[in-house]
Amino acid sequence: MRNSRLARSFGVAVTLVLIPPIASAQVRPDPAASEVHAEALVLDGHADVLLPSTPARYALPGGGSRADLPHLTAGGIDAVVFSVAVGPGGRDPAAVAVARAEADAKLAKIKAFAATNADRVALAYSPADVERLHGQGKIAVIIGFQNARSIGKDLSQLDAFFGQGARVFALTHAGHNDFADSSRPGEGPAAEHGGLSDLGRQAIARLNDLGALIDVSQLSSDALAQVLKLTRAPVAATHSDARALIDNSRNLTDAELDAIKANGGIVQLTPFSAYVHHTTPAERERIGAIRVRHGLPAAFVGYTDGVSALPESKRDAVTDALAAGQPRGTLSEFVDHLDYVAKRIGWQHVGIGTDFDHGAGVTGFDSEAEAPNVTAELLRRGYSKEQVAAIWGGNFLRVWREAQAAARP
């Protein structure tokens, strides 16, 4: 399907095979959906980067990335935001240095990915770049930044990452930092700054001035509301779902969805099982039993509740056990969230951000290779090919253009 598009762009026979088959893909053949998918500019608004130090639970079973070049190509992905992300941790100078080293390693890997596959992949710094590369049959790679813990309190490092090519910026991940409160405070206080800190407010102004796209996924509700009040450009929630369907703090409330629409922004839904799957009593009992075996209370809201309070030497093993026992969501449940948000705030404000390689994946959409399944399901539910194209990429590019237009020298 997308191999044919690439082949046409290089003026060669459409039977050219560009990649080996992807064993993990379960793409259902659907000629009509394949044609719509091939015509759209398919953009994933958020994926992570695997490093040698990344816990194995984030990789495919047996190892490997859900968002490597073979999977991207097999799924017809035309553009992807790879995030220079770090997780929760300390904020002392030593911890910040470790986090910064991780961020720098991910940034270097993203650039190396483009450089070593230059005939098929290139970095994009603007929506115009994405469209140009799409016309050339290349995959556009956009650099994102997530969690200002990696820069401590140094606001100037936002400029430094922008200078290195980052264009999408999220201030938080799990855990509060010196810029903002997180929607997942962990074992700390529910709020530290009451939303954004003074430093965080300065960061929003600076990101607007740079023309960066501000990512509000993972912010606390107060922080998100304050960003929307301060920003002079539309924002993106690059990997969130609907709290009306699943009551998880990582999901957005109806009021937050409405506020993002009023801002002109976009909500990109993520196929993350914990955020889209309705856990059954039997599944909760199974997870509770795993938690008890590892010294945690059986009752939970999020299945990893309490893990961060365990000794650091035990956290990975406990998280691995819980991840292995976590129930899987389905493609239909994922699209339920997309459909809900589209009906609530309009399909013009909806997109897709997979969070692949950081725990996401549902049955039917477990890697980039299965992206055509999403197109098929949207068409089955009555979305037009124009709406599908907007959801996959057009809406994100519109919001990004408006963020760039807000830049000030």
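Analysis parameters
Starting afresh in each chain, residues are numbered from 1 along the sequence in its written order. The model is predicted, so local features are restricted to residues of pLDDT at least 70 and side-chain atom pairs to those at 80 or more, both for listing and for counting; the totals for chains, interfaces and linings are taken over all residues. The side-chain quantities take in all heavy atoms of the structure and omit both hydrogens and water. Helix axes are fitted to C-alpha atoms over the stretch in contact, other axes to C-alpha atoms as well, and angles between N-to-C directions run from 0 to 180 degrees. Strands here are runs of E lasting at least two residues and helices are runs of H or I lasting at least four, both read from the DSSP assignment and numbered beginning at the N terminus. The cut-offs work like this: below 35 degrees is roughly parallel, past 145 is roughly antiparallel, 65 to 115 is roughly perpendicular, and the gaps in between are oblique. We call two residues in contact when some of their heavy atoms are within 4.5 Å. Gly is placed with the polar residues, together with every amino acid not listed as nonpolar (Ala, Val, Leu, Ile, Met, Phe, Trp, Tyr, Cys and Pro) or charged (Asp, Glu, Lys and Arg). Buried Ala, Val, Leu, Ile, Met, Phe, Trp, Tyr and Cys residues that are joined via side-chain atoms within 4.5 Å together make up what is termed a nonpolar core. Burial status follows relative accessibility: with a 1.4 Å probe on protein chains alone, a residue under 20% of its type maximum counts as buried, one over 50% as exposed, and anything between as partly exposed. N or O atoms closer than or at 3.5 Å make up a polar contact, with two conditions inside protein: a donor-capable atom paired with an acceptor-capable one, and, for residues adjacent in sequence, both atoms drawn from side chains. Salt-bridge detection follows one rule: a side-chain nitrogen of Lys or Arg within 4 Å of a carboxyl oxygen of Asp or Glu.

1. Notes on the packing of helix α5 (residues 127-135) against helix α15 (residues 385-405)
At a minimum axis separation of 9 Å, α5 and α15 run at an interaxial angle of 140 degrees. Between α5 and α15, the angle falls in the class oblique. Seen from α5, the contacting residues are Pro127, Val130 and Glu131; seen from α15, they are Leu397, Trp400, Arg401 and Gln404. Residue classes in the contact of α5 with α15 are distributed as 4 nonpolar, 1 polar and 2 charged.

2. Observations concerning the nonpolar core
Counting 81 residues, the largest nonpolar core has Phe82, Phe161, Phe169, Val216, Phe334 and Phe365 as its most contacted members. Sorting elements by how many residues they give to this core places helix α13 (residues 331-345) first, with 7 residues. In terms of nonpolar packing, the next biggest core, distinct from the first, is built from 21 residues, Val168, Phe396, Val399 and Trp400 among them.

3. Some details on the side chain of Asp48
Residue placement: Asp48 occurs in the loop between β1 (43-47) and α3 (69-74). With a relative accessible area of 3%, Asp48 lands in the buried category. In this structure the side chain of Asp48 is engaged in a polar contact, spanning 3.4 Å, whose partner is the side chain of His358.

4. Quick word on the pattern of salt bridges
Applying the stated criterion to the full structure yields 23 salt bridges. Among the salt bridges present, the one from Glu39 reaches Lys385, with a minimum N-O distance of 3.9 Å. Note that Glu39 is positioned in helix α2 (residues 31-39) and Lys385 in helix α15, a separation of 346 residues in sequence. Overall, the relative accessible area of 44% leaves Lys385 in the partly exposed class.

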